[in-house]
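Chain and residue survey
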Amino acid sequence: YKQLVFLLFVAVPVAGHSSATRDLQGVALLLFSLPFILFSGVGGYLSDRYRKWTVILTCKVAEVAIMLLAVGGFAAYSAAGMTPSVAVGLGVVLFLMGTHSAFFGPSKYGGLPEFFSSRHLAPVNGLVLMTTFLAIIFGSGLAGPLLDWWRDRLWWAAIVCLWIAWVGSATALV
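Source: prediction; values computed, not measured.

1. A look at the confidence of the model for the protein chain
Confidence along the protein chain averages 91 in pLDDT terms, with 99% of residues attaining 70 or more. Put simply, strand 1 (residues 12-13) is where the protein chain has its lowest mean pLDDT, 84, and helix 2 (residues 25-49) is where it has its highest, 95.

Structure (structure tokens):
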């Protein structure tokens, strides 16, 4: 989702100007990054105060809800194109995804010692880091092709994101 929005924010129409656009990728980066500054400490506090599994499951359910909003945002994009109001909606969802990640990260990594014995901790930590980086790499790499394939029906790309969020929620139950 993040990379798709970054690509879409290359040329956002300027309100009141028929052909003028602005590159708002910097704004998108700020919208995604700012929650880490604002909420990572709170996320760490919650992961220490409550069971990490509870925080993880809550974050994963919230991710599904946020991706449902993304489907709506991309449906609006598919219907109207990139308008200033669509850009604001996509930006809000991007901010929510950053917020989700700021709350999810501390429990995800802090929970590993609680979920696994010290004997298994190093390989599990490596596996979690590897799969996290692979997800980031594949997500970034697939955004361009998804945009090319589904530009007029971009909500399909959000359905893919929603499916990934749902799978993550299901695995949190295991």
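2. Description of the pattern of salt bridges
With the rule as written, the count across this model stands at 3 salt bridges. Counted as one network, the salt bridges with shared partners bring together Asp48, Lys52 and Glu114.

3. Considerations on the environment of Val55
Tracing the backbone through its elements, the reader meets Val55 in helix 3 (residues 52-80). Taking relative accessible area as the criterion, Val55 reaches 10% and is therefore assigned buried. Between the C-alpha atoms of Val55 and Leu129, which are 74 residues apart in sequence, the distance is 19 Å. For Val55, the contacting residues outside a window of four places in its chain are Leu46, Ser47, Tyr50, Phe103 and Ser107.

4. Re the packing of helix 3 against helix 7 (residues 155-172)
Viewed as axis vectors pointing N to C, helix 3 and helix 7 meet at an angle of 170°, and their least axial separation amounts to 8 Å. When the axes of helix 3 and helix 7 are compared, the pair comes out roughly antiparallel. When grouped by side-chain class, the residues that make up the contact of helix 3 with helix 7 number 19 nonpolar, 3 polar and 2 charged.

5. Re helix 4 (residues 84-110)
Helix length check: helix 4, at 27 residues, gives a terminal C-alpha distance of 39 Å against a target of 39 Å (1.5 Å per residue), a fit within 8%. By the largest-angle criterion, Phe104 marks the main kink of helix 4, which is about 30°, and a proline, Pro106, follows within four residues.

6. Some points on helix 3
For the α-helix, the turn length of 3.6 residues means that residues three or four positions removed from each other point alike. Between its terminal C-alpha atoms helix 3 stretches 41 Å, which fits the 42 Å expected from 29 residues at 1.5 Å a residue. Positive phi appears at Gly81, one or two residues downstream of helix 3, with a value of about 80°.

7. Quick notes on the nonpolar core
Tyr1, Leu8, Phe9, Met67, Phe74, Met82 and Leu90 are the most contacted members of the largest nonpolar core, which totals 33 residues. Elements with a contribution of two residues or more to this core: helix 1 (2-8), helix 2, helix 3, helix 4, helix 6 (118-150) and helix 7. Not counting residues up to four positions away in its chain, the partners in contact with Phe74 are Tyr1, Leu4, Val5, Leu8, Leu90, Leu154, Trp155 and Ala158. The next biggest cluster of nonpolar side chains, apart from the first, holds 7 residues, and it includes Ile56, Leu57, Phe103 and Phe104.

What counts as what
Residues numbered from 1 in each chain as written. Predicted model: local features only at pLDDT ≥ 70, side-chain atom pairs only at ≥ 80, totals over all residues. Heavy atoms only, no water. pLDDT = per-residue confidence, 0-100. Helix = DSSP H or I, 4+ residues; strand = E, 2+ residues; numbered from the N terminus. Salt bridge = Lys/Arg side-chain N within 4 Å of Asp/Glu carboxyl O. Buried < 20%, exposed > 50% of the residue type's maximum accessible area, 1.4 Å probe, protein only. Contact = heavy atoms within 4.5 Å. Axes fitted to C-alpha atoms, helices over the stretch in contact; angles between N-to-C directions. Parallel < 35°, antiparallel > 145°, perpendicular 65-115°, else oblique. Nonpolar A, V, L, I, M, F, W, Y, C, P; charged D, E, K, R; others polar. Expected span 1.5 Å × (residues − 1). Bend = angle between axes of the 7 residues up to and from the residue. Core = buried A, V, L, I, M, F, W, Y, C linked by side-chain atoms within 4.5 Å.

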